[in-house]
Structure formats: structure tokens, C-alpha cells
Amino acid sequence: CCCASGVVNMSNILTPQRLFSEPSLRVAQPSQFQFSPCGNYVSFLQQNNQRSRQLDLWLFDQQTESKICLLDASEVADEPDEDITKLSTAERAERERRRQFTQGITNYYWCPDATALVACVDGQAFLVPLDQRSPVRLTNTQQRHTAFCVSPKGTYLSYVRDNDLFFRPLTPAAQAAETRVSIDGSATVTNGLADFLAAEEMHRFEGHWWSPDETVILFCKVDDANVAISNRMEVDATGSRSVEQRYPFAGAVNPSVALWQYTVDSKQQQQIWRDNTDYAYLARVNAFQDGAYIQCQDRLQQSLTILRKGYSDSTWSNYFSENSKTWINLSDDLTELSNGEHAFTTESSGNRAVILLSDNASPQELKGPNHVNRIVGADSHNIYVCGWDNTPIENHLYAVPLDGTAAQTLTTANGWHDVIVNAEKLLLLDRFTSDNMPLNIVLKSLSVNGTKEHVLFEEKIAPAHPYFSFLDNHVSSDFGSVKASNGQPLYFRLTPPLHPHGKHPVIVYVYGG
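This structure is a prediction, so every number in the text was calculated from the model and none was measured. (Residues numbered from 1 in each chain as written. Predicted model: local features only at pLDDT ≥ 70, side-chain atom pairs only at ≥ 80, totals over all residues. Heavy atoms only, no water.)

A. Structural detail: the sheet that holds strand S10 (residues 156–161). Reading across the sheet, the four strands line up as S9-S10-S11-S12 and stay open at both edges, with antiparallel pairing between neighbours. Each end of this open sheet is capped by a strand with a single partner; those strands are strand S9 (146–150) and strand S12 (179–180). With three bridges connecting them, S9 and S10 associate as antiparallel partners. Paired with cysteine 149 across the bridge in S10 is serine 158. (Pairing = 2+ DSSP bridges. Helix = DSSP H or I, 4+ residues; strand = E, 2+ residues; numbered from the N terminus.)

Here it is in C-alpha cells:
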């Protein structure tokens, strides 16, 4: 772009220096949305206005159509700016695995009665009442904690400290007794945490689970004493240093993983599963009404087996299994239905589809979209899934009927709908974006005659937006596909230069993981 004198106007040229400078070219976006159990509220984390790296807890009230900041993290944090050098090894690993690079509130959980939330800040847990009374610290201030979990009925809060698992009543009473589940936590043994492979490679971030009636805790015991020690470079504001860590290299020794069951009343515990030649990986764990369900894979990840066991049973039974000549992708799709059956997804036919699993029949495939990306909810009539029919560059919400009839598309705008569903309350949070439309977050009803829509966030490229001055040179992406030798279409996205001729500089970004 040139002015009248012919001199290039650099103010609207997006340079590499500006690309990686502050302020960011994108405005701060709310994250970690959750519906309250009662359905009246939507909670989320939002960047603090004064401290850009700090996330605070916010609430949207459907009845009053208002947003309030329920907890400013700096009000309970030990220091205004978190000192990451004080993080425990488990905290640091958890944040790295989740790619969580913010400060302030890292996670939060609703209490089942919807009167309060539990917020996690600086390795501590705080009970945050909805009536905006002062938050109450629930954990010991002298030590740091991680892997927080609120039990299904809201009776207990569980967490890991110094690689051992604990739980305590979810009550603000300072004298509330803490129960220690494990006693062998050490530099090489962890309890209640996900191991490195589970979190980094399989996206299983949890390491312990409560049964729905709160009588049982399932937890992982991981021993990586035989895993090779490697060194990695760690860089922060104070400099760089070489840090030792146990890293399971491809083909080398993996950590030993076992699943234990702890009974709350009797305080008895026993090992109920351990990795072995056939089942090298504990990929998923679900604590359902009728017992524990685990998904196991072999070392090559070419087989997937769902095993199940009643909480009082001594042996596992095979519930579902599948094999592949290449590999099997994992999902979080195993969903317990009200009739005792389970919804799951499989790619055995070439495209991921919804299937019903039960004791009395073979797996039944339902009529969903051409490809299912994930299951997001279920009720007594439908399985709600995200996926696509015509093109993988779009993501839509579908209702897949349990009676085997055709699926119904619930989103219409062309683009990517990343949704959260509360099937019980017929609520949908639609986080929509497309190649030419920034993020738009709308709360709406799943019912045709539902309540009016509420816009919770809308990013507009207006004059005050940091990207506005570069908008004249913005280039839309080209989408297309090429066919592989077997006829399978391989889709691509290409962002060409503004003037596609001559030579152009490029930025090469290399992942060093």
C-alpha cells in the first residue's frame, strides 16, 4: 500500500515483528465454558483487564441476562503474579500436558446443588458461593495440590499432594477431616495422576474417578522407576537450566500403570488392573452406575478393548473390542444412557459412526452424519454429536435418534460449530467461527420453541480491534482436496499471498517435540 509520494505505508503491513508482539492481534476470548447443574447459569474463565495472563471466574445469569465476575483470582492468590518456579512437579506436568500457559484460575468445578463452585488457584482450592460471599480456602496453605475433583454428589473434594491421593468433605469448615488414600507416593511413584503417556499422547488427563454413589474411588498408581532419565532445557525469566526427567522413548520401557479401587467406608483398597502384554495402555477410565469401564490398547495401538467390572466383582469381562491394521484413534465418546446401554463411536467402517452397546445385542450402528467427530451429549431420545456430512472443513451439531431413524442437523451456518450441550435442560452453547467470521459465542435452546438466544461473546474487527489496521491486506484461505492413490480425498487449506506472483517471504515453524 503506497501513499501519494509513492512511499510504502508500513502501518498496515503485518510484519513478523508485529505478529509476535503485544498486544495480540486477537482480543481475549473466554474459555472453559460450563453449564451449571440447574441450567440457569453459564460459567467461564475470562482474561483480567489489568493482568492479561490472569484468568478470572465469570458467570452469565440467564434470568437477569447479566454477567458478573464471581472471583478475581488476585483476591485469593498468594502473589499478584504467579511464580511458576514454585509449581510442584505434578502441577507443572499437568499444565504442560494441557497446554495451559495462563495464570490465575486454572480449573474450576460446579457443586452439584449449583449453589457454589470450586476454583483452583496457585495449587489451592477455594469454595466460591454464588451469592458472592467471600471465597473459602479448602486446602492446606503450606503445600500445593493438583488433580482436583468434586465427587458426583458434592460430598467430597479429592486432590493429589506430594504424589499421594487425598480427599476431604466439601465444606468450608476449617476442621474438616482429610482422608489419605495412598501412602507410597515418591519421586517415582504417583497416585491419582495420569502418567506422561496417558496425558501427552492419549489426552487422558485424569488419574482418579469417583463412583456415582461416592462409595468408591478408582485411581491410577504409576511407577516410572525403570523409565530412562533424559535431560531437557528449561528456559524462564531467570535463565536456562538442564532438567532431568524420566521420558518413555518410543520402543523403550514405559511406566508401569495399575488401577486401584478404594472403598470410602471401609478404607480398603485393592489393585484391580495392571498393564500387561495384551493391554499395554490404560487409555480411558469411566466410573458408571453399574461399575468400572476401562479402555485398553496394545503397544501398537492396533486394538481397543472395553473391559468392565462391577464394583463388588473380582473379574473383568469383555464389553467391546475392535482391531485395525493401522491404528485406532481414541475418543471420549463412551456415554452411559438412562436405559443402561452405552453410546460409543467407531471408525471400523472407514468413517466414525455412533454405535449402541448393550449386553443383549451386537453393536448397533445408528444413522448419523457422514462422519462423527465426537459425542457431546445424550437424552432418552437422541445422541447429540458434532461432525459433518459434506465436507470436513465444517463442523455441525446433529441429533442422532436412538430409534435408528435419520439424524437431524441442528446448526445451519457454514463454518465450524464447537458446541457444548446440556441435554437435560435442552441448552446449547454454540462457539461458531468461519474463515471470514471471527469467534461468536451464542447460548440457545435445543428446542424449536425454546428461549431466546443470548450472545455471550462476539469478536468484531472494528476500529479499536488490534487487527483492524491490517484488514485491507487480509487474505481469505483457499480450501480444496487432492486424491490419494486409492481415491481417498485429502483436504487442504492454503492461505496465498495478497498478490500471488513473484517471490514472497515465509515463516517456517518447526515443532521440536
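Moving on from the model shown.
B. Examining the environment of tyrosine 109 more closely. Within the secondary structure, tyrosine 109 sits in strand S5 (residues 103–110). Residue tyrosine 109 is classed as partly exposed on the basis of its relative accessible area of 23%. C-alpha separation for the pair tyrosine 109 and valine 150, spaced 41 residues apart in sequence, amounts to 6.8 Å. Contacts of tyrosine 109, omitting those with residues within four sequence positions, involve Leu117, Val118, Cys120, Phe148 and Val150. Of note is the side chain of tyrosine 109, whose polar atom sits 3.0 Å from the backbone oxygen of phenylalanine 148. (Buried < 20%, exposed > 50% of the residue type's maximum accessible area, 1.4 Å probe, protein only. Contact = heavy atoms within 4.5 Å. Polar contact = N/O pair within 3.5 Å; in protein donor to acceptor, adjacent residues only side chain to side chain.)

C. Representation of unusual backbone geometry within the structure. That bond from glutamate 22 to proline 23 is cis: its omega, -5 degrees, falls within 30 degrees of zero. You can see proline 23 is positioned in the loop between helix H1 (16–19) and strand S1 (31–35). Positive phi, normally seen in glycine, also occurs at lysine 267, with a value near 65 degrees. Along the chain, lysine 267 falls in the loop between strand S18 (256–263) and strand S19 (269–274).

D. Molecular detail of the packing of aromatic side chains. Enumeration over the complete set of coordinates arrives at 15 aromatic pairs. Between phenylalanine 148 and tyrosine 159 the ring centres are 6.2 Å apart and the planes differ by 50 degrees, which places this aromatic pair in the tilted class. Here phenylalanine 148 is found in strand S9, whereas its partner tyrosine 159 is found in strand S10, with eleven residues between them in sequence. With a centroid separation of 5.5 Å and 85 degrees between ring planes, the pair formed by phenylalanine 167 and tryptophan 210 is classed as edge-to-face. Of this pair, phenylalanine 167 sits in strand S11 (residues 164–169) while tryptophan 210 sits in strand S14 (residues 208–210); the two residues are 43 residues apart in sequence, bridging distant segments of the chain. The pair formed by phenylalanine 167 and tryptophan 210 is uniform in burial state, with each residue classed as buried. An aromatic cluster is defined as three or more aromatic residues linked by ring pairs; in this entry it consists of Tyr156, Phe167, Trp210 and Tyr262. Above the plane of the ring of tryptophan 260 lies lysine 221, whose end atom (NZ or CZ) is 5.1 Å from the centre. (Phe/Tyr/Trp six-rings, centres within 6.5 Å; stacked < 30°, edge-to-face > 60°. Lys NZ or Arg CZ within 6 Å of the ring centre and 35° of its normal.)

E. Just the sheet that holds strand S28 (residues 371–378), in detail. Strands sit in the order S28-S29-S30-S31 across an open sheet of four strands; the sheet is antiparallel. The open sheet terminates on both sides in strands that have one partner only, identified here as S28 and strand S31 (408–409). Pairing of strand S29 (residues 382–388) with strand S30 (residues 396–401) involves six bridges; the strand directions are antiparallel. Bridge pairing in S30 places glycine 387 opposite histidine 396.

F. Examining the environment of glutamine 47 more closely. Mapping glutamine 47 onto the fold places it in strand S2 (residues 41–47). Taking C-alpha positions, glutamine 47 is 44 Å from serine 266, a pair spaced 219 residues apart along the chain.

G. Fine view of the nonpolar core. Of all hydrophobic cores here, the largest spans 19 residues; its most connected members are Leu57, Leu71, Ile105, Tyr108, Trp110, Leu117 and Leu130. Elements that contribute at least two residues to this core include exactly S2, strand S3 (54–61), strand S4 (66–71), S5, strand S6 (116–121) and strand S7 (124–129). Discounting residues that sit within four places of it in the chain, leucine 117 has contacts with Ser43, Leu57, Leu70, Tyr108, Tyr109, Trp110, Cys111, Phe126, Leu127, Val128 and Leu130. Ranked by size, the runner-up nonpolar core spans 17 residues in total, among them Trp209, Val216, Trp273 and Val285. (Core = buried A, V, L, I, M, F, W, Y, C linked by side-chain atoms within 4.5 Å.)

H. Just empty space enclosed by the protein, in detail. Going through the model one piece at a time under the given rule, you end up with two cavities of 30 Å³ or more. Estimates place the volume of the largest cavity at around 130 Å³. Together, 15 residues line the largest cavity, and Glu94, Thr106, Asn107, His145 and Thr146 are the ones closest to its centre. Elements with a contribution of two residues or more to the lining of the largest cavity: helix H2 (89–97), S5, S6 and S9. Class assignment of the residues belonging to the lining of the largest cavity gives a composition of five nonpolar, seven polar and three charged. (1 Å grid on protein atoms, 1.4 Å probe; cavity = no way out; pocket = protein on both sides within 12 Å on 5 of 7 lines; lining within 4 Å. Points joined across faces, edges and corners; volume = space filled by probe spheres on them. Nonpolar A, V, L, I, M, F, W, Y, C, P; charged D, E, K, R; others polar.)

I. Examining the layout of surface pockets more closely. In this structure, the second largest pocket encloses a volume near 1,800 Å³. Together, 42 residues line the second largest pocket, and Leu14, Tyr467, His474, Val475 and Thr495 are the ones closest to its centre. Going through the elements one at a time, H1, strand S33 (427–434) and strand S34 (437–445) are the ones with two or more residues in the lining of the second largest pocket. Top contributing element to the lining of the second largest pocket by residue count: S34, with three residues.

J. Broad picture of the pairing of S10. For S10, a buried count of six out of six residues is recorded, marking the element as mostly surrounded by other parts of the structure. Of the two faces of S10, the one holding Tyr156, Ser158 and Val160 and the one holding Leu157, Tyr159 and Arg161 are both buried throughout. When S10 meets S11, the two strands line up antiparallel, connected through six bridges. Residue valine 160 lies in a different strand from S11, and its bridge partner there is leucine 165. Between S10 and S11, which pair antiparallel one after the other, the connecting turn spans two residues, and aspartate 162 there sits at a positive phi close to 50 degrees.

K. The arrangement of H2 in detail. Residues Ala90, Glu91, Arg95 and Arg97 constitute the buried set of H2. One side of H2 holds all its buried residues, which, seen down the axis, span an arc of 165 degrees. The first or second residue beyond H2 is arginine 99, which carries a positive phi of 55 degrees. (Arc of directions from axis to C-beta.)

L. The arrangement of the pattern of salt bridges in detail. All told, the structure shown has 16 salt bridges when counted by the stated rule. Across the pair glutamate 347 and arginine 352 runs a salt bridge, and its minimum N-O distance is 3.2 Å. Given a relative accessible area of 28%, glutamate 347 falls into the partly exposed group. Each of Arg374, Asp418 and Arg431 takes part in salt bridges that share partners, so that together they form one network. (Salt bridge = Lys/Arg side-chain N within 4 Å of Asp/Glu carboxyl O.)

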